[in-house]
Every structure is written in structure tokens, then in C-alpha cells.
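Chains, contacts and geometry: an overview
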Amino acid sequence: MYLDYYGLRETPFSITPDPRFVFLSERHRDALAHLLYGVGQGGGGGFVQLTGEVGTGKTTLCRLLLEQLPENARVALVLNPKLSPVELLESIAEELKIDIDGKRGSVKALVDVLNAFLLDAYARGLRVVLIVDEAQNLSTEALEQIRLLTNLETATQKLLQIVLLGQPELRDVVAQPELRQLAQRITARYHLTPLDSAETESYLRHRLAVAGASRFPFTRLAVRRLHQHSSGIPRLINTIADRALMAGYAREEAYVGERLVDKAAAEVLASPLARWKKRPWLALAAMIVLTLALIVALWRLPRPAKPLTEETATAAIAENASNDAPPLQDAVALAQLADAGNASASAAWTRLLGRWKLRAERADVASAQRCPMVISPGVFCLRGGGTLAKLSALRRPAVLHLSAEGRDIHAVLLGLNDQRARLGLGGETVDVSRAELERLWMGEFHALWTTPEFVPSVLRRGDSGPGVEWLRQVLIQDGRLPPEAIGPSVFDAELENAVRTLQREFGLSPDGIAGPETLFTAASRADGGPRLMRTLK
């Protein structure tokens, strides 16, 4: 209805998964890379887990994954996982087009025929992938049955690669003690977070451009309100933006302002605020509950936190030379530290900058906290995702976003071994079990690295100069190139192959291009800079 009015060829904010409208933020690209890496290992890497809130784009990424799978892949896609173990086995067999006549209802018969299919596929050079969407709805028994399917393996790889897509609750499901064997087989984890405010505007502009818009119909304040109402969730952005454009057309507004966005959000979201206006008693009851909750929280508060002054920041930066630390902490203890003000993002970044001994003139807390790719000449920030195994291999401290007892916690990972992890929270240093950290961590990290100022942010084949020479020297030191590889400062085929090897080892897309994450990984192998502690008592 509003298409001609706003100069559009088609509806820009449909919630159908049209691939032409796909917008991949940095985190969506990282998530897709994790999925492709996990599947690309040929089943040798165990399970791949992708979580995210409703509407953040998990299903869209699943479609992109299916489009990019190699021709020799055979895929079983389970969209409705609320099944019993035997029904799940039947669904997998049907997706793989296996004849199961006479075998329905028998777990043993179905497992036998699936195993026979997997062995035959391996012999023919085929790769078999099972993708389960909405995996948080799988029962414990069904998840255990899936794990048992991965027991079939050769000396070098498993014959079935499994991808689990689900809402954040999936992390809690997998963390159950009875599923610890499955949790140990998850080698790639990624939590997909919503778009930030800048990405929300880019998302709107992208979809409008694809739909043929010659101008951007939203005011700056409208974009800000749209992000606030949607919390950066693409599906909600679509719904609110579509309704706002309809309202703008009805009122013959050339540009959609913040008031129209507010009205659209109130209709689409049926927000509690709108209901309270219609039912004053509901607002009064909510105020009473909130007041009581505040009183209880203040009563239980251990002590007020000291403000983060220059003196306390300096104290937070100083690292204890001893490896001794308090006893292991759990989620409740971490939540109490958060209540005491020791787990803010600014405190975590102060700690991380201190570990790198970066002075304020090179990097301040406010700018670093936004994690731009280049903080200052030679100082870079990486927003990445992965597993604790990946961070352990990279050996660098990183800011982690945790969720404990409903509290957001920002901590610096200072040390890590097979059993424990050491975290810095403001001026506190605490130890947690590695399993507990896996459960609380969102899967996203922020880390710093430094290089000489002459190293650009991207290096690829054909480039030349001192930046290429620096990368070559780092890979020689790390043993990925022979000492005799010292030659002209040109990014040649030999250097490209070494970069691909590095990328494969650390779960990156093996494209042979040294982008930010590859350069961070290479720099982590070089000498200098803070390291994760390995010996934790």
C-alpha cells in the first residue's frame, strides 16, 4: 500500500527469509564462519552449537549454510525436534531418504540402518550432516540418542557431523550433568547477539536499497527509537519498520519520525507500558513489587562498591605475582560481585588495558569499550566468538560477557587450564571451574593485539611491503614457514598456504587472506604482550 508513496518496488520489511534481503553483521559473518568451519572439518570436530534470541537470524544463517555446503554433502534437517528418540531417528532417516519400512518403532533397527548408511556414504566420499533447529526443545533422551550416533567413527573422523541451532536455553540444556559427554564433544560454540545501533541503521538502509528506495524515509531519531524498541532483533525491526511506514503513508508524512515509530511499536509489541496506561491498577501493582524487590536487594547487598578512581584502576591493573587465588566461585558468588559493582564493562576494559600497559594517550577505556577495529595506530580490537579451547590456544587475555543469576557480568579472562579459569572483575581476582565458565559464557569475546604501525588491517596475495614481511617473520617464528622462506616482501603462494594452515588450526575461514581475526591470531603467536596464566593453584 505504501510502496509507491515511498518509491519502493517491493515490500522491504517482509519477515519471509528472502536471500536477497539478507544482511550479515560482523557477528552474523562470524557465526556463519563457525558453522562452515565445523561442517568443513568433515565430522572430525564433534558438535557445532549456535544459539541466539528469537528473531536474531539463526534460521537465516541455517539457510546460508545449506547453500554453501559442498556438493558431496548429504543433509538431514530436523525443524520440529519435539520428538521421542525413536521418532527423531525416523525423521533423520526420512530426511536422508533411507528406506525404513519394517524398521519403524525399533531404536536398534533404525540405528543399524543409519550406521550402514553412514559407512556407505564414507566409502563413497560423501559427508553427512544433521542440522537440528530449535534444539532447545530436544528432550534429554533425544539428545543422548543423537550423541550415540556420533560414536561411529574412523581413526581420523566421525561419520556424522551435527549442528544444533537453538535459543539461549539450549546452553542450559546441554550443561545438565547427564549430558556432560555431549557437552564435551561441542567443539564450536557461538552465541548470536542482536544488532547494535549502527548496525540497525545499516540493516534498514540495506533492505530499503534492495527494495528500490531512492531515499531513506526514517529520521535519525526514528532509527534510534526503532533500535530501542526492537533491541536490535532483526525480526522485530522488520515488523516495527513495516508498521511505521504504513502509518507514515496514512498520515502523508514524507519522513517517518520517532512518534510514528513509538506508535508502531506499541501496536506491534503490545508493550506492558501500553497495557498499564489502560489498567492503572496494573502499574500500581508493578510499582509495589519493584519497591519490595529493591528493598530486599538493598538489604542483601554485601557492601557498596568503591568508585573506579584512578587509584582503584591502577590497583586493578596490578597483577599479583603469586598464583594463589580464592577458592572456586560459582554463579551466585559472581552475581554478588556484580551487585557490588565489580563486574562492569568499564572495569573489565580498565583491567585489560592495564594488562597491555597501554597509556591513556594510546587507548582510553571509553573508546576501547566500543571495540573499533583500530583503537589507535598499532593497537587493534577484535570482537570474536568461539570456545574456551580457542582462547586457550590464542593465549591472550580477553573480556568475556557472562550471565550469572540474571546479572550481566564483564570479566577479563586472566588464566585457563583444563580444570579452572581465573577471572578479573574490577579489582577482584577469582577462580571458577572451567565447566562453570562454559555454562555462564555467552561465547563472545573482545581482545586486543598490537602490531607495528606499518601493518595494515588486511593483507592478501599480491601485497608487498613491510607489513607482509612482518607477517612472514611471525609465521617463521611460529614454525609455519621454514627459516629459508625469508625472501622478497611479497605475499606469495607460499605465504598464502601458511596463512590457510593457521586459519584451519584456529577455526577461521581458510581463505588465505590475513584479515583482522587472522592477524590477531598471528600476533598472538608472536613474542610480547600479556599471556594467559596456565598454572592455577
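Residues numbered from 1 in each chain as written. Predicted model: local features only at pLDDT ≥ 70, side-chain atom pairs only at ≥ 80, totals over all residues. Heavy atoms only, no water.

Focus on the packing of helix H3 (residues 85–95) against helix H4 (residues 107–123)
Just so we agree on the cut-off: Lines fitted to C-alpha atoms define the axes, with helix axes restricted to the stretch in contact, and inter-axis angles between N-to-C directions lie between 0 and 180 degrees. What counts as a helix is a DSSP run of H or I of at least four residues, what counts as a strand is a run of E of at least two, and both are numbered from the N terminus. We call two directions roughly parallel when the angle between them is under 35 degrees, roughly antiparallel when it is over 145, roughly perpendicular when it lies between 65 and 115, and oblique otherwise. Crossings are sorted by hand: turned counterclockwise from the far helix by less than a right angle, the near helix makes the crossing left-handed, and turned clockwise it makes it right-handed. For this analysis, residues touch if any pair of their heavy atoms sits within 4.5 Å. Residues are grouped as follows: nonpolar covers Ala, Val, Leu, Ile, Met, Phe, Trp, Tyr, Cys and Pro; charged covers Asp, Glu, Lys and Arg; every other residue, Gly included, is treated as polar.
At their nearest, the axes of H3 and H4 sit 10 Å apart, and the two run at 30° to each other. Between H3 and H4, the angle falls in the class roughly parallel. When the axes of H3 and H4 are compared, the crossing they make is left-handed. Here H3 contributes Val-86, Leu-89, Glu-90, Ile-92 and Ala-93 to the contact with H4, which in turn contributes Val-107, Leu-110, Val-111 and Leu-114. Classifying every residue of the contact of H3 with H4 gives eight nonpolar, no polar and one charged.

Overview of the sheet that holds strand E1 (residues 47–52)
Put simply, the rule reads: The pairing criterion is simple: DSSP has to find at least two bridges between the two strands.
The strand order across the open sheet formed by five strands is E2-E3-E4-E1-E5, and the pairing between neighbours is parallel. Each edge of the open sheet is held by one strand with a lone partner, namely strand E2 (73–78) and strand E5 (186–192). Within this sheet the neighbouring strands show an average axis-to-axis angle of 15°, counted without direction. Of the strand pairs in this sheet, E1 and strand E4 (residues 160–166) are connected by five bridges, and their pairing is parallel. Within E4, the residue paired with Val-48 across the bridge is Val-163. Sitting on the sheet, H3 touches E2 and strand E3 (127–132), and the angle it makes with E2 is about 140°. Here helix H5 (residues 140–149) sits on the sheet in contact with E1, E3 and E4, set at roughly 155° to E4.

Regarding the nonpolar core
Soluble globular proteins tend to bury their nonpolar side chains together. Note the threshold: Within this scheme, the nonpolar core is defined by two criteria: the residues are buried Ala, Val, Leu, Ile, Met, Phe, Trp, Tyr or Cys, and they are joined through side-chain atoms within 4.5 Å. Burial status follows relative accessibility: with a 1.4 Å probe on protein chains alone, a residue under 20% of its type maximum counts as buried, one over 50% as exposed, and anything between as partly exposed.
Counting residues in each nonpolar core, the largest one holds 52 residues, and the members touching the most others are Leu-334, Leu-400, Leu-402, Leu-423, Leu-437, Phe-445 and Leu-471. Top contributing element to this core by residue count: helix H20 (residues 466–477), with six residues. Here Leu-402 is in contact with Arg-407, Asp-408, Ile-409, Ala-411, Leu-423, Leu-437, Leu-440 and Trp-441, once residues within four sequence places are set aside. The next biggest cluster of nonpolar side chains, apart from the first, holds 40 residues, and it includes Ala-76, Val-111, Phe-117 and Val-173.

Topic: H4
Defined as follows: The span expected for a helix works out to 1.5 Å for each residue beyond the first. To obtain the arc, one takes the directions from the helix axis to the C-beta atoms.
Here H4 spans 24 Å end to end across 17 residues, near enough to the 24 Å set by a 1.5 Å rise per residue. Restricting attention to buried positions, one finds in H4 the residues Leu-110, Val-111, Val-113, Leu-114, Phe-117, Leu-118 and Ala-121. Mapping the buried residues of H4 onto a view down its axis gives an arc of 165°, with all of them on the same face. Away from its buried face, by an angle of more than 90 degrees, H4 presents the exposed residues Lys-108 and Ala-123. Buried residues along H4 sit against H3, E3, H5 and E4.

With respect to the sheet that holds strand E12 (residues 428–433)
Picture the strands of a sheet paired through backbone hydrogen bonds; they go either parallel or antiparallel. Taken in spatial order, the eight strands line up as E6-E12-E11-E10-E9-E13-E8-E7 in an open sheet, and their pairing is mixed. On the outer flanks of this sheet lie strand E6 (328–329) and strand E7 (374–376), each paired with one strand and no other. Pairing between strand E9 (residues 398–404) and strand E13 (residues 441–450): three bridges, direction antiparallel. Paired with Leu-400 across the two strands is Phe-445, which belongs to E13. On top of the sheet, helix H15 (residues 331–339) reaches E6, E9, strand E10 (407–416), strand E11 (420–425) and E12; it is set at about 110° to E10, its chief contact.

Looking at the packing of H20 against helix H22 (residues 516–525)
Viewed as axis vectors pointing N to C, H20 and H22 meet at an angle of 50°, and their least axial separation amounts to 9 Å. When the interaxial angle is binned, H20 and H22 end up oblique. Every pair of crossing elements has a handedness; the one defined by H20 and H22 is left-handed. Residue-level contacts link Trp-470, Leu-471 and Val-474 of H20 to Leu-519, Ala-522 and Ala-523 of H22. Here the residues of the contact of H20 with H22 are counted per class, giving six nonpolar, no polar and no charged.

As for the confidence of the model for the protein chain
Here is the rule we go by: Along the chain, pLDDT gives the predictor's confidence residue by residue, from 0 to 100.
Across the protein chain, the average pLDDT comes to 81, with 85% of residues at 70 or higher. In this model residues 271–279 is a low-confidence stretch, pLDDT under 50, and it forms five contacts with partners more than four residues away in sequence or in other chains. For the stretch residues 299–323, pLDDT sits under 50, and the model shows 25 contacts to residues farther than four places along the chain or on other chains.

Focus: the environment of Ala-411
Here Ala-411 lies in strand E10. The exposure class of Ala-411 is buried, given its relative accessible area of 1%. Between the alpha carbons of Ala-411 and Ala-348 there is a distance of 5.4 Å; along the sequence they are 63 residues apart. Other than its neighbours up to four places away in sequence, Ala-411 contacts Ala-348, Ala-398, Val-399, Leu-400, Leu-402, Leu-423, Gly-424 and Leu-425.

Side note on the packing of aromatic side chains
Here is the rule we go by: Any pair of Phe, Tyr and Trp rings, taking the six-membered ring for Trp, is counted once the centres come within 6.5 Å. Such a pair is stacked with planes under 30 degrees apart, edge-to-face with planes over 60 apart, and tilted for the rest. In this scheme, Lys NZ or Arg CZ marks a charge over a ring once it lies within 6 Å of the ring centre and within 35 degrees of the ring normal.
For the coordinates displayed, the defined rule picks out eight aromatic pairs. Between Phe-23 and Tyr-203 the ring centres are 5.8 Å apart and the planes differ by 85°, which places this aromatic pair in the edge-to-face class. Residue Phe-23 is found in the segment before helix H1 (26–40), and its partner Tyr-203 is found in helix H8 (residues 197–210); the two are separated by 180 residues along the sequence. Exposure remark for Tyr-203: the relative accessible area of 5% places this residue in the buried category. Members of the aromatic cluster, joined through ring pairs, are Tyr-2, Tyr-5, Tyr-6 and Tyr-249. Sitting over the ring of Phe-216, Arg-205 keeps its end group 4.0 Å from the ring centre.

What to know about the pairing of strand E8 (residues 379–385)
Within E8, seven of the seven residues are buried, which leaves the element mostly enclosed by the surrounding structure. Side-chain alternation along E8 places Val-379, Cys-381, Arg-383 and Gly-385 on one buried face and Phe-380, Leu-382 and Gly-384 on a second face that is also buried. The turn joining E7 and E8, which pair antiparallel and follow one another in sequence, is formed by two residues; a positive phi near 85° is taken by Gly-378. As paired elements, E8 and E13 share seven bridges and run antiparallel to each other. Of the residues in E13, the one forming a bridge with Val-379 is Thr-450.

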